[in-house]
Amino acid sequence: MTESTHTTRRVTYRGHPSGAPMLAEMLKREGVKVKWERPREQRGGIGEMAQEVVVQMVATGGVAAIATAIAKFRKLIHDRGEEATVEDEHDDDLGE
């Protein structure tokens, strides 16, 4: 019955601004509702390349769906210096 269990989790993304929309889209593809605000883009020449953002998302949906989306995202970005963490990740279904 875990697969049909719905929950709300806070997801924190840290990394390049382009990764946040990617994470939100991956969550949505798994059927998860996501509330978040796009980070403001700041144009600044060479400093733009090193820009890192922290984005808070609220994900509501199936526990398995959230875990699947986070796992897929982590696999995709594993060497890019970006990260996605889930509040209450002590839940075995959402762990790393």
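Look a little higher up for the structure.
Report follows, based on the coordinates. (Residues numbered from 1 in each chain as written. Predicted model: local features only at pLDDT ≥ 70, side-chain atom pairs only at ≥ 80, totals over all residues. Heavy atoms only, no water.)

Digging into the overall build of the protein chain
Looking only at helices and strands, one finds two helices and four strands in the protein chain. Its helices and strands in sequence order give the protein chain the pattern β-α-β-β-α-β, from N to C terminus. Buried positions account for 38% of the 96 residues belonging to the protein chain. Long-range pairs, those at least 24 residues apart, make up 72% of the contacts in the protein chain between residues at least 6 apart in sequence. (Helix = DSSP H or I, 4+ residues; strand = E, 2+ residues; numbered from the N terminus. Buried < 20%, exposed > 50% of the residue type's maximum accessible area, 1.4 Å probe, protein only. Contact = heavy atoms within 4.5 Å.)

Let's talk about the pattern of salt bridges
Under the defined criterion, the tally for this structure stands at five salt bridges. A salt bridge links Arg10 to Glu87, with the shortest nitrogen-to-oxygen separation between them at 3.4 Å. Taken together, the residues Arg10 in strand E1 (residues 6-15) and Glu87 in the segment after strand E4 (83-86) connect sequence positions 77 residues apart. On the accessibility criterion, Arg10 (39% relative accessible area) is partly exposed. In this structure, the salt-bridge partner of Arg80 is Glu82, at a minimum N-O distance of 2.9 Å. (Salt bridge = Lys/Arg side-chain N within 4 Å of Asp/Glu carboxyl O.)

Structural notes on the sheet that holds strand E3 (residues 53-62)
In space, the four strands of this open sheet follow the order E2-E3-E1-E4, with antiparallel pairing throughout. Of all the strands in the sheet, the pair left with one neighbour each is strand E2 (33-35) and E4. For this sheet, the mean inter-axis angle between neighbouring strands, taken without regard to orientation, is 25 degrees. Across three bridges, E2 lies against E3 in antiparallel orientation. Residue pairing across strands places Lys33 opposite Thr60, the latter belonging to E3. Most of the contacts of helix H1 (residues 19-29) go to E3, to which it runs at about 0 degrees, and overall it touches E1, E2, E3 and E4. (Pairing = 2+ DSSP bridges. Axes fitted to C-alpha atoms, helices over the stretch in contact; angles between N-to-C directions.)

As for the environment of Arg38
Mapped onto the secondary structure, Arg38 falls in the loop between E2 and E3. What makes Arg38 exposed here is its relative accessible area of 60%. For the pair Arg38 and Gln56, spaced 18 residues apart in the sequence, the C-alpha separation amounts to 9.6 Å.

Some thoughts on the pairing of E3
A regular strand places its side chains on the two faces of the sheet in alternate fashion. Pairing geometry for E1 and E3, over 10 bridges, is antiparallel. In the strand pairing of E3, Arg9 is matched with Ala59.

Side note on H1
Every buried residue of H1 is listed here: Gly19, Ala20, Leu23, Ala24, Met26 and Leu27. Summarising the axial view, the buried residues of H1 lie within an arc of 160 degrees, below the 170-degree limit, and thus occupy one face. Lining the buried residues of H1 we find E1, E2, E3, helix H2 (63-77) and E4. (Arc of directions from axis to C-beta.)

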